[in-house]
Amino acid sequence: MSDIFNNRELAILIWLTLILILLSFKKGILKSYFDLLLAFFQDKIISSVLISIIYVELIILLLAIVNYWEMDLLKDTTFWYIGTAFLLMLNSNKALENKTHFKKIFWNSFKLIVVLEFITNFYTFDLLWELVLIPIVSFIAILDAFAEQKNEHKPVKKLTQAILTIIGIIIFVYSAKKIITNSNEFLNVNSAQILLLPIILTLLFLPFLYFYVLYMKYENIYCRIGFRFKNKDKDFLNIKKRIFQECKLNLRKLERLEKTNSFHHILDYSDLEKTIKELNR
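Residue indices begin from 1 for each chain and proceed along its sequence in written order. The predicted origin of the model limits local features to residues at a pLDDT of at least 70 and limits the giving and counting of side-chain atom pairs to 80 or more, whereas totals for whole chains, interfaces and linings rest on all residues. The basis for the side-chain values is all heavy atoms of the structure; hydrogens and waters are excluded.

Asks: I'm lost on the nonpolar core in this one. Help?
Replies: By nonpolar core we mean a set of buried residues, namely Ala, Val, Leu, Ile, Met, Phe, Trp, Tyr and Cys, connected to one another through side-chain atoms within 4.5 Å. Each residue's exposure class comes from its accessible area (1.4 Å probe, protein chains only) as a fraction of the maximum for that residue type: buried when under 20%, exposed when over 50%, partly exposed otherwise. Judged by nonpolar contacts, the single largest core of 42 residues is most densely connected at Phe205, Leu209, Ile225 and Ile243. Only runs of H or I of at least four residues qualify as helices and only runs of E of at least two qualify as strands under DSSP, and these elements are numbered from the N terminus. For this core, the secondary structure elements donating two or more residues are α3 (43-65), α4 (74-90), α6 (101-108), α11 (189-226), α12 (233-247), α13 (251-259) and α14 (269-279). Looking at this core element by element, the count peaks at 13 residues for α11. Any pair of residues with heavy atoms lying within 4.5 Å of one another is described as a contacting pair. When sequence neighbours within four positions are dropped, the list of residues in contact with Ile225 reads Phe236, Ile243, Phe263 and Ile266. If you look at the next biggest cluster of nonpolar residues, it comprises five residues, including Leu133, Ile140, Ile167 and Ile171.

Shown next as structure tokens:
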């Protein structure tokens with residue numbers, strides 16, 4: 001297994017396994033696990049995940065055709081999907097709240113932090129040290145997150161930030177030292193592939209994410225209007241077509257449509273035309 005996962009990844013897996021085992025002995029936890037699984041295995045969630053996986057597989061196929069992706073990158077691709085793509089889908093509502101959401105994702109892919117994270121993960125400590133380090137860092141990070149919630153906890157926030165910064169510097173210096181002494185191992189084609197892979201995958205995933213958010217927005221709008229047309233299926237079908245003809249793939253226009261005053265009073269096709277006129281003023 002050490003050939004597949006580095007010591008940090010092994011330490012995380014060991015701790016997660018131990019936590020899950022210990023929690024399973026607590027009364028009611030197993031039921032919570034089961035309820036969580038049931039909540040996940042809903043048609044909409046499963047279909048969204050499966051479609052996203054198919055899309056990622058098409059990206060991988062494309063990268064393989066141009067001789068960029070190899071089986072050695074499967075672990076990194078899997079971690080990227082769980083840690084980035086899946087989380088982006090879960091937080092897709094942010095694209096509706098923030099107009100610059102997709103731009104931020106794009107530019108964040110090129111930030112220096114991406115390179116720093118790659119360097120700090122390239123070489124890891126011995127497994128025993130990683131097993132000690134992971135819970136300590138996790139505990140401090142949780143304290144830091146809680147301290148951020150209230151102003152009176154600012155002194156704690158400063159302390160946790162300082163500790164996390166020191167730990168980050170130590171890990172970075174250790175990794176940088178290893179890289180300097182083993183420069184031939186670091187400076188090879190495979191290292192460049194691993195570094196650029198999450199950037200490339202994220203950029204190629206953005207179109208899917210946009211259409212995913214767009215679909216969710218259309219579905220939300222249709223649901224908000226649809227309950228008024230239980231006995232007028234044909235009218236509702238025409239309304240859906242007209243909305244799509246007007247907004248097409250424009251997510252922001254859909255949002256503006258939903259915020260118009262007359263949107264909440266659409267009872268027939270003529271009402272929709274009034275809403276569209278209001279939208280285009």
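Asks: What is the right way to look at the pattern of salt bridges in this model?
Replies: Close approach of charged atoms allows side chains of opposite charge to pair. Take a side-chain nitrogen of Lys or Arg and a carboxyl oxygen of Asp or Glu: if they are within 4 Å of each other, that pair is a salt bridge. All told, the structure shown has six salt bridges when counted by the stated rule. Between Glu246 and Arg242 there is a salt bridge whose closest N-O contact spans 3.4 Å. Of this pair, Glu246 and Arg242 both sit in helix α12, separated by four residues, roughly a single helical turn. Both residues of the pair, Glu246 and Arg242, count as buried. For the salt bridge of Glu246 with Lys253, the shortest nitrogen-to-oxygen distance reads 2.9 Å.

Asks: Sorry if this is basic, but what is going on with the packing of α12 against α13 here?
Replies: The relative placement of two packed helices comes down to the angle between their axes together with the axis-to-axis distance. Angles run from 0 to 180 degrees between N-to-C directions of axes, and those axes are lines fitted to C-alpha atoms, restricted for helices to the stretch in contact. Interhelical geometry of α12 versus α13 gives an angle of 130° and a closest axis separation of 9 Å. If you check the angle between α12 and α13, you find them oblique. Judged by residue contacts, Ile243, Glu246 and Cys247 of α12 engage Lys253, Leu254 and Leu257 from α13. Throughout, the ten residues Ala, Val, Leu, Ile, Met, Phe, Trp, Tyr, Cys and Pro are labelled nonpolar, Asp, Glu, Lys and Arg are labelled charged, and all others, Gly among them, are labelled polar. For the contact of α12 with α13, the class distribution of residues is four nonpolar, no polar and two charged. With respect to orientation, any angle under 35 degrees is reported as roughly parallel, any angle over 145 as roughly antiparallel, any angle of 65 to 115 as roughly perpendicular, and every other angle as oblique.

Asks: Looking at this model, I keep getting lost on α13. Mind explaining?
Replies: When α13 is considered as a whole, its buried residues turn out to be Leu251, Lys253, Leu254, Glu255, Leu257 and Glu258. Measuring from the backbone nitrogen of Arg252 back to the side-chain oxygen at the start of α13 gives 3.2 Å, which picks out Asn250 as the cap. Polar contacts here mean pairs of N or O atoms no more than 3.5 Å apart (in protein, one a potential hydrogen donor and the other a potential acceptor; neighbouring residues in sequence count only if both atoms are side-chain atoms).

Asks: Would you mind going over the layout of surface pockets with me for this structure?
Replies: In this structure, the second largest pocket encloses a volume near 460 Å³. Where the lining of the second largest pocket is concerned, the elements lending two or more residues are α3, α4 and α11. In terms of residue count, α11 provides more of the lining of the second largest pocket than any other element does, seven residues in total. Counted by class, the lining of the second largest pocket contains 13 nonpolar, two polar and two charged residues. Here a cavity is any set of points on a 1 Å grid over the protein atoms alone where a 1.4 Å probe fits but cannot get out, and a pocket is any open set with protein on both sides within 12 Å along at least 5 of 7 lines; a residue lines the site when it has an atom within 4 Å of a point. Grid points are joined across faces, edges and corners, and a volume is the space filled by probe spheres set on the points.

Asks: Looking at this structure, I do not really get the environment of Leu90. What am I missing?
Replies: Mapped onto the elements, Leu90 comes out in helix α4. In sequence terms Leu90 and Ile45 are 45 residues apart; their C-alpha atoms lie 9.9 Å from each other.

Asks: Looking at this structure, I do not really get the packing of aromatic side chains. What am I missing?
Replies: What characterises a pair of aromatic rings is the spacing of the ring centres plus the angle enclosed by the ring planes. Only the six-membered ring of Trp is used, alongside the rings of Phe and Tyr, when aromatic pairs are assigned; centres must lie within 6.5 Å, and planes under 30 degrees apart are stacked while those over 60 apart are edge-to-face, with the rest tilted. With the rule as written, the count across this model stands at ten aromatic pairs. A ring pair is formed by Tyr55 and Phe205, whose centres lie 6.2 Å apart and whose planes are at 70°; its orientation type is edge-to-face. Placement of Tyr55 in helix α3 and of Phe205 in helix α11 is noted, with a sequence separation of 150 residues between them. Residue class for Phe205 comes out buried when judged on its relative accessible area of 0%. Pairing Trp80 with Phe205 gives two aromatic rings, centres 5.7 Å apart and planes at 85°, and the pair type is edge-to-face. A residue pair is termed long-range when its members are at least 10 positions apart, and Trp80 in helix α4 and Phe205 in helix α11 qualify at 125 residues. Comparing Trp80 with Phe205 shows no difference in burial state: the two are buried. Pairwise contacts between aromatic rings join Tyr55, Trp80, Phe205, Phe208 and Tyr212 into one cluster.

Asks: Could you clarify how one ought to interpret α12 in this entry?
Replies: The periodicity of an α-helix, 3.6 residues per turn, causes residues three or four positions apart to be oriented the same way. One less than the number of residues in a helix, times 1.5 Å, gives the span that helix is expected to have. A rise of 1.5 Å per residue sets the reference length of α12, with its 15 residues, at 21 Å; its end C-alpha atoms lie 21 Å apart and thus fit the reference within 8%. Turning to α12, its buried residues number three or more, namely Phe236, Ile239, Arg242, Ile243, Glu246 and Cys247. The buried residues of α12 all sit within an arc of 125° when viewed along its axis, so they share a single face. Of the exposed residues in α12, the ones pointing more than 90 degrees away from its buried face are Asp233 and Lys234. Taken from the residues just after α12, Lys248 is the one with a positive phi, measuring 50°. Arc definition: directions from the helix axis to the C-beta atoms.

Everything listed here is a matter of coordinates, which is why it stays silent on function.
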